[in-house]
Structures are given as structure tokens and as C-alpha cells.
Amino acid sequence: MVSFLLGIAANDNWASVSGAKTAGAAVAATPTARLWRERLPWTCGPETVLEALAGESHLCCLSGVWAGGGAMVACEPLRVAGPDADPFATLDDLPAVDTAGVDAWGAVGGGWLGWLGYRLAERVERVPVAGPRPAPLPDFHLAYYDHLLRRDAYGSWWFEALITPPRQAALKQRLEHLRTLVGDQLAGSAGPRPTPLRLSAAVAQRHLHAVAACRERIAAGEIFQANICLRLEGEYSGTASALLRSALVHGRVPQYAAAFDTPAGGIVSLSPELFLRRLGRRVRSGPIKGTAHRPDDPSRAVLSLEQLQSSAKDAAEHVMIVDLMRNDIGRVCEYGSVYAPRRPTAEAHPGLWHLVTAVEGRLRPQTTNAALVRACFPPGSVTGAPKVQALKVIAELEPTGREVYTGAVGYASPLAGLELNVAIRTLELAGGRAWLGVGGAIVADSNPEAELEEALIKARPVAAAVGTSVIAE
């Protein structure tokens, strides 16, 4: 067993492990911490760890390519940001970490994990985020974990902590508690299933009208593109972590999967899309625009890919959003540093082909996480161009207000930087309900019936991943 326990800086005023402290509007002073890493003798997958920790407070998991690949599982946070907090500034409320004498490569250590819901657009731009909210979720959820379980890209598990003097004894107890829980667990099993996710005839008809109305706005010169969405609904009384466990057991987890259990409800994000990855002054986004069904039959899958790559409509969608992301990132990057290749990459995802472009830049000195996220939020690929006017069109045409869906999910760590997905393919859970938002970019030559079918194509792999189905009435 390899263990690193370094010296501690004596400057801590955080809450004890017995109860998470609520962070208010002001950003608290952050103490200096040192990294503690201890290798764990586990060979299991994250589904086993999630099952072992079921019932722990504020259980969450990120699995896929986060922080270089692997998974992180956290529970029992030290602090939870309160409703009066500035969620963007909170992402900068991180301790300094002294890693002298330790190889911290691949470490996350801890930090803020959670979501930034779509409705935070109101805090960035003067736009309405209208629509009824059948089952509201908090506009954001951010919890600070000073310890977590980290599975690295090679399959090794670590206990990692950002340790300060008053927390030293409590964190040692946490490690032993987690060892006991996970050590007794033999294998991960699939969790409970939601009822089928249903699209009512009325919602489908409303979506057709919304797409047609959006085309009229485009023809009138009001916008170039807008992402118009609908909602499928089912019933579910379990936890988000149990649904992610099901996806993990069945091997149906995309690059940016995540689950969060909170007292107010939960989310399971099976997103393939990177919103922002920031490490030091380097920032990257991976906007997705252009989607096609990917059949199981290899020859048909190749044909579908060729059709996507030759589609003028999908190309138009894609180039507009790439330009939008270049502009958003460029607000906080050094002049001339933002770059995107001329041609997108075609990526294979469960049941789908996607066109993806990596947009990269170098941030200006002293640029904060808050400044970066504010410059780019909400993600361009799920709004439209021009973004502000597209936000207004979305508010007028969509029948229900968005919650977490099309916001962002991820982490801010003093070691691993900032990483957020685009919260698409995301199941939201509250009050015994489960709902899934899906949609697509509407451009001048969009066909309403084809857009409705594209939304269902996107929904079906998500439903299958958590053991249910999609029913269009």
C-alpha cells in the first residue's frame, strides 16, 4: 500500500464532517491544504462503490473521461452552497494546495462538484427563462468535498483528500468508514428502473408547431438558429446514483456521465459533450452539432455516417455553433489564441453519430473560473445564434421551463482545474417524477417531423441505459 500524508497548514475555519456547512452569498476564506493520497486495494468498478455507499449524504459520481479518465465518487460534503450564493464565484472558492514532495499527477483531491442549471442564464444575460415548472429543481447545486474516492485511468482506486489540521482525525475516520463499506461489497448490481418515458401526442404536436414557428423567426432574420426542446416524462422514486449504477452495469456510459443525489432531487447526466475544460490558462470546449442514427449493422452505420458528413443542414448547424463558442471563449482569452480546425470530427456514441469540433484557447492572465463560465454560459450548442435572441425565442416557444437540462455539470478542483459537461441526455428526478429533455438545432431548412424524430433518436439510448424505454403516444 502506498500512502502520502504531508504536513498541514494551520489555517482552517471549515465545518466538521458531522454536518455540511451552508455557504452563503459571500465567498468564504479558503485555508491552505495539503494532498493526502492513499491507494486502495479495490479492483471493482464505480457501480460497486456506488452501491456500497447508497444512503450516504449527497452521494455523487462522475464517470468517463473526467480529469483524464476513470471515475470519482464523493459523499458527505463539507459545505453546500446556499441559494443566496453566487454559483459562478463559488467555483473560485478553492484552497491553495501545496504538493511539494508528492506526485499529484491525475489527482483531483476534492473541490466543488455539482450542476449549474439552465435558468442561471438570467444571471448572465437580461433574458426571460419562462415556462411552467412542473417539478422544480434548484437552479444550481454545488457541494464542496474535501475528500473523495478516485479511480484513475488505469483502474486503480485512491482515497484523496485536501487535508487541513482540524480535519485530520475526521478524514482518517472517513477513510476507515469507506474501506468498511466498500470492502464488504462483492459486485455492483443494476438499480431500479423508471417507468417508460412518454411523449404525449399534445407535447409532440406542440413541438411541431414550435419548430415551424422557429423557422419563421429565422426567415424573418430574427435569428440564424435556435435549439428547441421537448420533455418526455415517467415515474421514478429511486435515487440518481442508482440509475447511473444501472448504466455502468450495462456498459452504457458516455464520456461525461454524472449523477447527483440531493435532498431536493437528483440528476443523471449521460452527456457526450464537453462544455469547458480548464487547466491553468488552457481552455477547451467540444461543441456537438449534427446528429444521425447509428445502426448496429456496420454497413448501415457507415452509410449513416456518410449521409451526416455530406449533409448541408448539419454542416450549417455545426459551423454556426463553433463560431459562437469561439466568440464566447474569445471574450476571456488572449487575442489570437483561439483555434478550431476547419473540419469537424465524427464521433460514435451509443446509437448515434455526432459531429464534434475542439475549440481551444489560452486564457488571459488572472482569468477566474467565474469569468470563464459567465462568458460562455449557457452553452452555445443548446441555445442558438445569436445567443441572446435565441434564448428569448426558446422562452417563447418551449412549453415547459428547462431545469438542469442544457446547463452544465461537473467539478472545480484546485488540482484538476475546471471541467463541465453540457447537460444534455440528462434525466432529472424530483417528487416521484423522472423527465428527460431532448431537442435539436433548428435552421432555415429544418423539417418539423424530422426534428421530432431526431429528438426521439437521442432519447432512446438514454432510456435504454437506465433500463427503460421511450413511448410516443
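You'll find the structure just up there.
For the structure given in this document, a descriptive report is provided here. (Residues numbered from 1 in each chain as written. Predicted model: local features only at pLDDT ≥ 70, side-chain atom pairs only at ≥ 80, totals over all residues. Heavy atoms only, no water.)

1. Focus on the sheet that holds strand β19 (residues 345-349)
No. 1: The three strands lie next to each other as β18-β20-β19, forming an open sheet whose pairing is antiparallel. One side of each edge strand has no neighbouring strand; the edge strands of this open sheet are β18 (288-293) and β19. Each adjacent strand pair in this sheet contributes to an overall mean axis angle of 25 degrees, direction not counted.
No. 2: Where β19 and strand β20 (residues 352-356) come together, five bridges link them in antiparallel fashion. (Pairing = 2+ DSSP bridges. Helix = DSSP H or I, 4+ residues; strand = E, 2+ residues; numbered from the N terminus. Axes fitted to C-alpha atoms, helices over the stretch in contact; angles between N-to-C directions.)

2. Concerning the environment of D92
No. 1: Residue placement: D92 occurs in the loop between α2 (87-90) and β7 (97-98).
No. 2: Note: C-alpha distance between D92 and E453 (361 residues apart in sequence) is 41 Å.
No. 3: Setting aside residues no more than four positions away along its own chain, D92 makes contact with T368, N369 and A370.
No. 4: Among the polar contacts listed, one links the side chain of D92 to the backbone nitrogen of N369, at a separation of 2.8 Å. (Contact = heavy atoms within 4.5 Å. Polar contact = N/O pair within 3.5 Å; in protein donor to acceptor, adjacent residues only side chain to side chain.)

3. Describing the packing of helix α5 (residues 201-219) against helix α10 (residues 387-397)
No. 1: Two elements in contact, α5 and α10, have axes separated by 10 Å at closest approach and are oriented at 145 degrees. As α5 runs across α10, the sense of the crossing is right-handed. Every residue of α10 that contacts α5 at R206, A210, A213, C214 and R217 is listed here: V393, E396 and L397.
No. 2: Across the contact of α5 with α10, the residue classes break down as five nonpolar, no polar and three charged. (Left-handed = near helix turned anticlockwise from the far one by under 90°. Nonpolar A, V, L, I, M, F, W, Y, C, P; charged D, E, K, R; others polar.)

4. Details of the nonpolar core
No. 1: Counting 52 residues, the largest nonpolar core has V49, L53, V73, L149, L232, L244 and L270 as the members making the most contacts within it.
No. 2: Sequence-distant contacts of V73, defined by excluding residues within four places in its chain, comprise V49, L50, L53, L59, C60, C61, L148, L149 and W157.
No. 3: Residues L116, C229, F275 and I329 belong to the second largest nonpolar core, which totals 44 residues. (Core = buried A, V, L, I, M, F, W, Y, C linked by side-chain atoms within 4.5 Å. Buried < 20%, exposed > 50% of the residue type's maximum accessible area, 1.4 Å probe, protein only.)

5. A short note on the packing of α5 against helix α11 (residues 448-465)
No. 1: Axis separation between α5 and α11 bottoms out at 9 Å; the angle between their running directions is 125 degrees. Judged by the angle between their axes, α5 and α11 are oblique. Along this stretch, α5 crosses α11, giving a crossing that reads as right-handed. The residues of α11 that touch α5, namely those facing A204, H207, L208, V211, A212 and R215, are P448, E449, E451 and L452.
No. 2: Tallied by class, residues from the contact of α5 with α11 come to six nonpolar, one polar and three charged. (Parallel < 35°, antiparallel > 145°, perpendicular 65-115°, else oblique.)

6. Some thoughts on α10
In an α-helix, one turn spans 3.6 residues; hence positions three or four apart end up facing the same way.
No. 1: All of the buried residues along α10 are K387, A390, L391, V393, I394, A395 and L397.
No. 2: Where the residues of α10 are buried, they touch α5, β13 (225-235), α8 (312-330), α9 (369-376) and β22 (384-385).

7. Some details on the side chain of K313
No. 1: Along the chain, K313 turns up in helix α8.
No. 2: Here E451 takes part through its side chain, which lies 3.2 Å from a polar atom of the side chain of K313.
No. 3: Other than its neighbours up to four places away in sequence, K313 contacts A441, V443, D445, S446 and E451.

8. Considerations on the pairing of strand β10 (residues 147-151)
No. 1: Burial analysis of β10 places four of its five residues in the buried class, the great majority of the element.
No. 2: Taken together, the three bridges between strand β5 (residues 70-74) and β10 define a ladder with antiparallel strand orientation. Looking at the pairing, M72 lines up with R150 of β10.
No. 3: The hairpin turn running from β10 into strand β11 (residues 157-163), its antiparallel successor, is five residues long, and G155 in that turn takes a positive phi close to 95 degrees.

It is worth stressing that arrangement in space is one thing and function is another; only the former is reported here.
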